[in-house]
Amino acid sequence: AKIVGNGEGSALMKNPRLAAEIVQAMTDAVRLPITVKIRAGWSKDSKNAVECALAAESAGASAICVHGRTRDQFYSPGVDLSIIGEVKSAVRVPVIGNGDLFSAKQAMKMKEETGCDGIMVARGAQGNPWIFAEILAAIEGKEYTPPTFEERFAVALEHARGLVKEKGERVGVSESRKHLAWYLHGMRGAAVARNAVMQATTLLEIEQILQSLL
């Protein structure tokens, strides 16, 4: 809200000219490729992703990612794939599709219906870093084998230990709680374990909670 209130972030879609000036300033300042991520528009009545994408491209953007929701939709159900396709048809630089990608099936549908050059996974990777292997298998026409419970636990524990190592036990454990909740989603005994994790204050407690599920 603070970013949008300052006219930054997705609020820039209400001012495509200013957004283009910012992209131009960045492309003039560095030799690295500059990419731009936009939404379908600011609101359902102002889906101007094509206009913003064209402005960004003319300012030197090397690729454009399009999230198929407007800003006022936040995470409400439903992604407009057509707007991603419209951007793809309008610009010459690569277009990356984004929004509601929680499985390979959804990723392939987006790619097929929009013609986008690539896809960006966001929330779909929370607690499921294997989604990238699943999508790659679908693209290559190979069979995908989901991780076992043991593999999921091992990665969840590695994630928690990594956060503690990087940020110390107090902050690391605090930040690991939401990630562990995502890893536990849909698993047997998840509700009880999730509640216990949310109360944990040490890495040892987290290790014991996960081990108890096994």
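First things first, this report covers the structure right here in the doc. (Residues numbered from 1 in each chain as written. Predicted model: local features only at pLDDT ≥ 70, side-chain atom pairs only at ≥ 80, totals over all residues. Heavy atoms only, no water.)

**Quick word on the state of the cysteines**
The cut-off we apply is this: Any pair of cysteine sulfurs within 2.5 Å is marked as a disulfide. For the exposure calls, accessible area comes from a 1.4 Å probe over protein chains only, and a residue counts as buried if that area is under 20% of its type's maximum, exposed if over 50%, partly exposed in between.
This model, assessed by the stated rule, comprises 0 disulfides. A disulfide-free cysteine, Cys-52 has its sulfur positioned 14 Å from the sulfur of Cys-65, the nearest such atom. By relative accessible area, Cys-52 is classed as buried at 8%. The thiol of Cys-65 is unpaired, and the distance to the nearest cysteine sulfur, on Cys-116, comes to 9.1 Å.

**Remarks on the side chain of Arg-39**
Applicable threshold: Going along the chain from the N terminus, every DSSP run of H or I of four or more residues is numbered as a helix, and every run of E of two or more is numbered as a strand. Any pair of N or O atoms that falls within 3.5 Å is considered a polar contact. Within protein, one atom must be able to donate a hydrogen and the other to accept it, and sequence-neighbouring residues count only if both atoms are side-chain atoms.
Take Arg-39: it is sitting in strand S1 (residues 35–41). In this structure the side chain of Arg-39 is engaged in a polar contact, spanning 3.0 Å, whose partner is the backbone oxygen of Thr-70.

**Here's the deal with the nonpolar core**
Applied cut-off: Side-chain atoms within 4.5 Å are what join buried Ala, Val, Leu, Ile, Met, Phe, Trp, Tyr and Cys residues into a set we call a nonpolar core. Contacts: residue pairs with any heavy atoms within 4.5 Å of one another.
In this structure, Ile-38, Ile-64, Val-66, Ile-84, Val-87 and Val-91 are the most contacted members of the largest nonpolar core, which totals 31 residues. Breaking this core down by element, the ones donating at least two residues are helix H2 (16–29), S1, helix H3 (49–58), strand S2 (63–70), helix H4 (81–90), helix H5 (104–114) and helix H6 (131–140). Counting residues per element, this core draws most heavily on H3, which supplies 5 residues. Residue contacts for Ile-64: discarding those within four places in its chain leaves Val-36, Ile-38, Ala-53, Ala-56, Glu-57, Val-91, Val-93, Pro-94, Val-95 and Ile-96. If you look at the next biggest cluster of nonpolar residues, it comprises 20 residues, including Leu-184, Val-197, Ile-209 and Leu-213.

**Some points on the sheet that holds S1**
Heads up, the rule is: Should DSSP find at least two bridges between two strands, the strands are regarded as paired. Axes here mean lines fitted to C-alpha atoms, for a helix over just the part in contact, with angles spanning 0 to 180 degrees between N-to-C directions.
Taken in spatial order, the 4 strands line up as S1-S2-S3-S4 in an open sheet, and their pairing is parallel. What marks the edges here is a single partner per strand, and that holds for S1 and strand S4 (118–120). Neighbour-to-neighbour, the strand axes of this sheet turn through a mean angle of 30 degrees, independent of strand direction. Bridge analysis of S1 against S2 gives 6 bridges, and the strand direction is parallel. Residue pairing for S2: Gly-41 is matched across the bridge by Thr-70.

By themselves, these figures tell us nothing about what the structure is for.
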